[in-house]
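# Structural description and commentary
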Amino acid sequence: MEKVLFLKGKFVEKIWGGDRLKNFGYDLPSNKVGEYWAISGMDDLESEIINGSFKGQNLKDIYKDHKELFGKEDKASFPLLIKLIDANDDLSIQVHPDDRLAQKYENSLGKTECWYMLNDEPSSIIYGLKVNDKNEAIKLIDEKRWDDLLREVNSQKDDFFYVPAGTVHAIKKGSLVLEIQQASDITYRLYDYDRKDDQGNLRDLHLEESKRSIKTELVENKPEKKEYETYIRTDLLSNQYFEVRKFEIKDKTSFKREKPYLLEAVTEGKGELILGEERYPIKKGDFFILTNLVDNFEIEGKVSLVESNSK
Ligand code: ZN
């Protein structure tokens, strides 16, 4: 039985996509790649396991058929989705419903997400609103006073943004993002800069759904950093759905798996994952799951990982 599942995700081409994901060591299908669905159990975009006895099978099926690997977690489907996003242009302004609204109107889970920024060059994002009264926000939407409504903030490598369901948001040109989220795909488009497609059509908007889903308060989140002899640990986020933390390994470090299973994204450098007698090379762009069969593990090398777990 495999203790660790190395994954290969699927690329999604987008009009706003680019070619910077090649810097993660991938062979891209084109220079319009917007997303890499790295750890996914979602229909049609499932990640494939590329090592060991499950090689060639997908995460959706393995999660369903081998609950022992996931600590017998009691969820209908793989609960998280981890993507890399390369924005070569501005993405539309959007909002996701929370669980209650998504259940009521879409028979789905809501979508809370977070972004760990990877772009070396400064960029910006739309993150929340300039007003904190919902009626005022709706008035500004109706009057299309976007500059008065939308809050734009700078973003660059190592910044972290928590985007709970209901937060109006947009990834803007230049951003390179590691996104960790609830496995849901319900997105309402609020504004698309009045851009037209090749046929001269505006993209569909979901104004009523957006207005219904918007929350105006910005949720506080303060990452906490702790330095140890061989590594730095930054706790980035803990909410009701998932936890996210970052490890910057400087030298060989031992860890104990303290959650039912761990999702790992290698964001920088290279090294080795050591499980007892077994050694696995790891490098920037690799994604893997440390299953419930792992007790202790070691990481060696100069390598950074963003780790998450479901709750
Ligand atoms: Zn989103």
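Read on for a plain summary of the structure.

Rules used throughout
- Residues numbered from 1 in each chain as written.
- Predicted model: local features only at pLDDT ≥ 70, side-chain atom pairs only at ≥ 80, totals over all residues.
- Heavy atoms only, no water.
- Salt bridge = Lys/Arg side-chain N within 4 Å of Asp/Glu carboxyl O.
- Helix = DSSP H or I, 4+ residues; strand = E, 2+ residues; numbered from the N terminus.
- Buried < 20%, exposed > 50% of the residue type's maximum accessible area, 1.4 Å probe, protein only.
- Pairing = 2+ DSSP bridges.

### Considering the pattern of salt bridges
Scanning the entire structure with this criterion turns up 34 salt bridges. The salt bridge partner of Asp192 is Arg203, with a shortest N-O separation of 3.5 Å. Here Asp192 is found in the loop between β13 (188-191) and α5 (207-213), whereas its partner Arg203 is found in the loop between β13 and α5, with eleven residues between them in sequence. The partner of Glu243 in a salt bridge is Lys259, and the shortest N-O contact between them spans 3.2 Å. Note that Glu243 is positioned in strand β16 (residues 242-249) and Lys259 in the loop between β17 (253-256) and β18 (262-275), a separation of 16 residues in sequence. A residue is classified by how much of its surface remains accessible, and Glu243, at 14% relative accessible area, is buried.

### A few points about the pairing of strand β1 (residues 4-8)
For β1, the buried fraction is high: four of the five residues fall into the buried class. Inspection of the sheet shows β1 paired to strand β20 (residues 287-290) by three bridges, in the antiparallel sense. Within β20, the position partnered with Phe6 by the bridge is Phe288. Relative to strand β4 (residues 48-49), β1 runs antiparallel, the two being bridged by two bridges. Looking at the pairing, Leu7 lines up with Ile49 of β4.

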